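Each chain, written out:
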Amino acid sequence: MHPQPLTEDLTGYFKKVGDFRAHIVQLQNAWDSLALLAQLSGTGSEMEHTRTAFNQISTDVLQFLSEETLNKTAAQLSSKAFVIINLLVRNLFERTADIGFFATDDDVRDFLAHHLDGTMNGDIAQNMLFRFQEYQKKYTVYENIVLFDRTGVIVHQLDADQGILHDQHPIFALAMQSTEPYVERFYETEINGRVHKSLNYAHVVRAKDGRTVLGVLCLCFKFVNELDTIFGNLIDEKDWAVGLLLDEQRHVIASSDPYQIPIGATLCADPARDWFVARFAGREYLCVTCQSEGYQGYLGPGWLGQAMIPLEHAFTQNMRALVAHIDGDILKKVMRSPLIFSDNLLNIPKQAASIQSKLNQSVWNGNIWQSNYVDTQQKNFSKTLLSEISNTGRKTQLIIEQMVSELYQTVVSVMLENSSFYAQLAVDIMDRNLYERANDVRWWALTYSFRDLLAKPQLTQDDKDKMTSILRYINSLYTVYENLMLFDRKGEVVAISNPKYSDLLGTIRQEEWLGRTRSCHTTQAYVVSRFEPTPLYRDAHQQDQHAYVYAAPVSHLDASAIVGAIGIVFDSTPQFNAMLQDVIPRDRNHAPVAGSFTVFVSDQLKVIASTHPNFVIGEAFDLMPQISKLREGEQLFDIAMYESTYYAVGAHAAYGYREYKGEDDAYRNQVIALIFTPLGDIEAINVRIDAEAQVIHNKFNPNLFLQADAQAKEYATFYVGGTWLGIAAEYIVEACDETQLRTLPEAATFIAGMHPHRNAVIPVIDLAQMLGNADYQTEHRQMVVIHDKASNLKFGVFVSALGEIPYLMPTQIQPMATFFKGHSHNPGIAIANLAQANASQSMLTLVTPQSIWDKVVQPATAPA
């Protein structure tokens, strides 16, 4: 398998990008044809600047879209690779604790001691078998438990038919020589023609004096089964991605699809790169490699997680389908967020609109020139050509807007998917953690001393001290617990591990969960308290805090009766908070995303844990009530508003782990994880949108207004704010941008200033001020130059945008006096009705140069 250089062009695999590029090429061809026709016909419209500007923007957007398309798939692969290795490492960390504790088990020590001194009998052997069986029933991650004597001979194992470990197996020698807390080794053993993979943990067993070596204990982890579980939750049947686990030599030791990437293959892996392309078996793959982050100082066996997807299937997702369920108005607002998009990206639609606006101005001026200086037949052809030029510009602008929309949706969908992914990871981590708690309490309930001493009619202080010593030893190894407690038949607390709770000793507890332990009839049964404040879990101020307490009955050695119970108090606040901190979304530099937070919520919508101070443990969570409808394993992602911020929210309902909360487990506790990733400040987004909405671009529509009657007359139209005005085209010189306006301190009302035009200086009238619409905005100051030669009037008027240049029949025009009486600042003299489907408005107010100038020099006064 060989990596390809990062410079390799992958855009050929980006279908959506390819579709957009094809449209752009078609439009570029159209521009070429139109440019030639414009030169031949002499329309007076210069298109080269427009075409070049559109081409540059199109190229930039295609580049941005290509990068984000690649980043989206790479992010998905990165998430998979991350989970494969880090979820496994978390599991293996628990195994390193198991082997150390189990190697100090009194029954294991006694068995080996009897074996060594020749006093072994059937009862002792049967008890060891019972202990191994019970251990494996609880900790179902193990497929075998093997016990070597100190000569390397296997003296007992749970599954003798497995055949993976044998007398004098290398792991025995490693354990005997090691000074480390555990020995961890991965072996591939051929059994009956099949290679069996096993991850084993070994520890020397010493006598109680701590010096005498009795043998070696080995726990055989269900490696294949565990990886199948991880792959199954991570990659569904329709996903083309392949999840892999690689050893130190980059050999595949686990594959979600061994038919595509087989076990034993040697792959290219590079955790230092965000992604890379590699070829395997004649196929190219996009790949991401991830190394272990470690967990509580444990880094794992040095393996790597890797995710790969064939390039031909890597970029086929439909962005619109992914966000189709999101409220359209909210999605549009989020796509204008300066928090997740740079100004360069946010300004692209505005730039495209400005280019189109300038093109419309050029086309508008071309129409004016045609109207005033070209005969009718040539005029209609030229107007058709100018209309097509404007139409092609509009098509180009539309394609750019669609590309930008696709780009925005790609970025937002990545953030939504990340939130959903981290929510699933959160419940996965939680259930795997609590699975261990259910195992621990049942296993510790089988401790020989607890069963023996609690069966006594009366406990002595020595008995209680012995149990306390055992609890403290266990708690010193398993620090996820605040306290471990033993209860007698009456529910009296007889031993605790944490001296902080000494006041509980001798008290008889009435908690309902303790009562439920008396109804447990098998060694597999356990109970869990509700998540509620309890005096068994207190803060530094001795205030009761919310916690889960796991409990199991302690039965007589002959299993004839329940003689007490064990309760273990999960240190809920820091442990749940640590889980949530581990799944806070991270950026490309692996730093936590600023402003993001995570929450665990119960099915009653009560907060279990949160990284946000506003969501207090035990209080109601009413931000997203729809999560209460989620069933086990279901998820959703949406955009929510909280504290004036839009958030990408992923929610996932817990679904258990192995038998924990499975079909054969009576315990049910629905927990939902929510991940909040900020998308932008609502007010900042609204301010930006409002400002953009105020900007009015030239609204020239490419509709054809060709002369069909000799009585028809052309009118040049324009907009001032929301008002549509028109003036006979014969009075128009051109539309141009304001560049050198000089204001006059004592100018007449509505005079904005003086502006040079060609070889003269002309006054410029502020029509928006005249019409009482002075708040409109434009990207640039645009003015229309008007010249009435008969009246010797020449001035400019500021306009918001240019409109069509239609032909109007006299029958379409009605004098303004027909509708209005009295004085006003409106210079309109008539109303024209352009009731057609494509017109942006239907009612056009007609003005003349004289009617405008009259309002300047003779301001209207209120009637007497």
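Each remark here, short or long, concerns the structure printed above.
Below you will find a few notes about this structure. (Residues numbered from 1 in each chain as written. Predicted model: local features only at pLDDT ≥ 70, side-chain atom pairs only at ≥ 80, totals over all residues. Heavy atoms only, no water.)

1. Concerning the nonpolar core
Our working rule: Among buried residues, those of type Ala, Val, Leu, Ile, Met, Phe, Trp, Tyr and Cys that are joined through side-chain atoms within 4.5 Å constitute a nonpolar core. Each residue gets one of three labels from its accessible area relative to the maximum for its type: buried under 20%, exposed over 50%, partly exposed in between, using a 1.4 Å probe on protein chains only. Between two residues, a contact is recorded if the distance between any of their heavy atoms is within 4.5 Å.
With 166 residues, the main nonpolar core has Ile 566, Phe 576 and Phe 600 as its most contacted residues. When near neighbours in sequence (up to four residues on either side) are disregarded, Ile 566 contacts Val 441, Trp 444, Ala 445, Phe 450, Leu 471, Met 485, Leu 486, Phe 487, Tyr 550, Ala 551, Ala 552 and Val 554. Formed by 27 residues, the second largest nonpolar core is a distinct cluster that contains Leu 767, Ala 768, Val 847 and Ile 852.

2. Things to note about the packing of aromatic side chains
The test is simple: Side-chain rings of Phe, Tyr and Trp (the six-membered ring for Trp) are treated as a pair once their centres are within 6.5 Å; stacked means planes under 30 degrees apart, edge-to-face means over 60, and tilted covers the remaining angles. What counts as a helix is a DSSP run of H or I of at least four residues, what counts as a strand is a run of E of at least two, and both are numbered from the N terminus.
With the rule as written, the count across this model stands at 38 aromatic pairs. Both rings, one in Trp 444 and one in Tyr 481, keep their centres 5.6 Å apart while their planes meet at 75°; by these two values the pair is edge-to-face. With Trp 444 in helix H11 (residues 376-444) and Tyr 481 in strand E12 (residues 481-488), this residue pair connects regions lying 37 residues apart in the sequence. There is no split in this pair, since Trp 444 and Tyr 481 are both buried. When the ring of Phe 576 is compared with that of Phe 600, the centres are 5.8 Å apart and the planes differ by 75°; the resulting orientation is edge-to-face. Of this pair, Phe 576 sits in helix H15 (residues 572-582) while Phe 600 sits in strand E19 (residues 597-602); the two residues are 24 residues apart in sequence, bridging distant segments of the chain. Judged by relative accessible area, which is 0%, Phe 600 ranks as buried. The rings of Phe 102, Phe 132, Tyr 135, Tyr 139, Tyr 142 and Trp 443 are connected pair by pair, giving a single aromatic cluster.

3. Brief notes about unusual backbone geometry
Positive phi, normally seen in glycine, also occurs at Ala 281, with a value near 55°. Following the sequence through the fold, Ala 281 ends up in the loop between strand E9 (276-280) and strand E10 (283-291). Under the relative-accessibility criterion, Ala 281 is labelled exposed at 70%. In this structure, Arg 658 takes a positive phi of about 50° despite not being glycine.

4. Topic: the pairing of strand E27 (residues 751-757)
Formally: Strand pairing is assigned whenever DSSP detects at least two bridges linking the two strands.
The element E27 is largely enclosed, with a buried count of five among its seven residues. Pairing analysis gives six bridges linking E27 to strand E28 (residues 760-766), with the strands arranged antiparallel. Counterpart to Ile 751 in the pairing with E28 is Ile 765. Following E27, the chain reverses through two residues before pairing antiparallel with E28; Arg 758 in that reversal takes a positive phi of roughly 55°.

5. Concerning the packing of helix H2 (residues 48-102) against helix H6 (residues 223-234)
Our working definition: In this analysis an axis means a line fitted to C-alpha atoms, helices contributing only their contacting stretch, and an angle means the value between N-to-C directions, from 0 to 180 degrees. By convention, the crossing between two helices is left-handed when the near helix turns anticlockwise from the far helix through less than a right angle, and right-handed when the turn is clockwise. Note on residue classes: Ala, Val, Leu, Ile, Met, Phe, Trp, Tyr, Cys and Pro are nonpolar, Asp, Glu, Lys and Arg are charged, and everything else, Gly too, is polar.
As a packed pair, H2 and H6 sit with axes 10 Å apart at the nearest point and diverge in direction by 140°. Where H2 crosses over H6, the handedness of that crossing is right-handed. Residues Lys 80, Val 83, Ile 84, Leu 87, Leu 88 and Asn 91 of H2 pack against Glu 226, Leu 227, Ile 230, Phe 231 and Leu 234 of H6. Of the residues in the contact of H2 with H6, the class split is eight nonpolar, one polar and two charged.

6. Focus on the state of the cysteines
As a reminder, the rule being used: When two cysteine sulfur atoms lie within 2.5 Å, the pair is treated as a disulfide.
Overall, the coordinates contain zero disulfides when judged by the stated rule. Cys 218 takes part in no disulfide bond, and the closest cysteine sulfur to it belongs to Cys 220, at a distance of 4.4 Å.

7. Considerations on the sheet that holds strand E26 (residues 732-737)
Read across the open sheet, the five strands follow the order E26-E29-E30-E28-E27; overall the sheet is mixed. If you trace the sheet from one side to the other, it starts and ends with E26 and E27, each paired once. Strand-to-strand twist across the sheet, computed as the mean angle between neighbouring axes with direction ignored, equals 30°. Contacts from helix H10 (residues 348-373) reach E26 and strand E29 (782-788) within the one sheet, and its direction differs from that of E26 by about 165°.

8. A closer look at the environment of Thr 573
By the element assignment, Thr 573 lies in helix H15. Residue Thr 573 is classed as partly exposed on the basis of its relative accessible area, which comes to 34%. Between the C-alpha atom of Thr 573 and that of Gln 545, which follows or precedes it by 28 residues, the distance is 8.5 Å. With residues near it in sequence (within four places) discarded, Thr 573 still touches Tyr 537 and Ile 617.

9. Re H15
Side chains of residues three or four places apart in an α-helix project in the same direction, reflecting 3.6 residues per turn. The condition is simple: Throughout, the arc means the angular range of directions from the helix axis out to the C-beta atoms.
For H15, the full list of buried residues reads Ser 572, Gln 575, Phe 576, Met 579 and Leu 580. Down the axis of H15, the smallest arc covering the buried residues is 135°, so these residues share one side.

10. Quick look at the packing of helix H3 (residues 106-117) against helix H4 (residues 122-138)
Relative to each other, H3 and H4 sit at 145°, their axes nearing to 10 Å. The way H3 lies across H4 gives a crossing that is left-handed. In this structure, H3 contributes Asp 107, Val 108, Phe 111 and His 114 to the contact, and H4 contributes Ile 124, Ala 125, Asn 127, Met 128, Arg 131 and Phe 132. Residue composition of the contact of H3 with H4, grouped by class: six nonpolar, two polar and two charged.

11. Points about the sheet that holds strand E20 (residues 607-610)
Whenever strands of a sheet pair, they do so through backbone hydrogen bonds, lying parallel or antiparallel. Reading across from one edge, E20-E19-E23-E22-E21 is the order of the five strands in this open sheet, with antiparallel pairing throughout. Pairing within the sheet leaves two strands with one partner each, and these edge strands are E20 and strand E21 (635-642). Across the sheet, the mean angle from the axis of one strand to that of its neighbour is 25°, orientation sign disregarded. Both E19 and strand E23 (residues 671-681) contribute to a ladder of six bridges, which runs antiparallel. Residue Phe 600 lies in a different strand from E23, and its bridge partner there is Ala 673. Packed on one face of the sheet, helix H16 (residues 682-694) meets E21, strand E22 (645-653) and E23 and runs near 40° to E23.

12. Here's the deal with the pattern of salt bridges
Selection rule: The rule for a salt bridge is simple: a side-chain nitrogen of Lys or Arg has to be within 4 Å of a carboxyl oxygen of Asp or Glu.
Considering all chains together, one arrives at 37 salt bridges under this definition. One salt bridge in this structure joins Asp 19 and Lys 15, with 3.1 Å as the shortest N-O distance. Residue Asp 19 and its partner Lys 15 are located together in helix H1 (residues 15-41), separated by four residues, close to a single helical turn. Among the ionic pairs, Arg 279 bridges to Glu 284, the shortest N-O distance being 4.0 Å. Given the relative accessible area of 44%, Arg 279 is considered partly exposed. You can call Glu 284 buried: its relative accessible area is 16%. Within this structure, Glu 226, Asp 428, Arg 432 and Arg 658 form a network of salt bridges that share partners.

13. As for H3
Stated precisely, the cut-off is as follows: Given the number of residues in a helix, its expected span is that number minus one, multiplied by 1.5 Å.
Between its terminal C-alpha atoms H3 stretches 16 Å, which fits the 16 Å expected from twelve residues at 1.5 Å a residue. Turning to H3, its buried residues are Asp 107, Val 108, Arg 109, Phe 111 and Leu 112. Gly 118 sits one or two positions beyond H3 and adopts a positive phi of about 75°.

The values are spatial; any link to function lies outside them.
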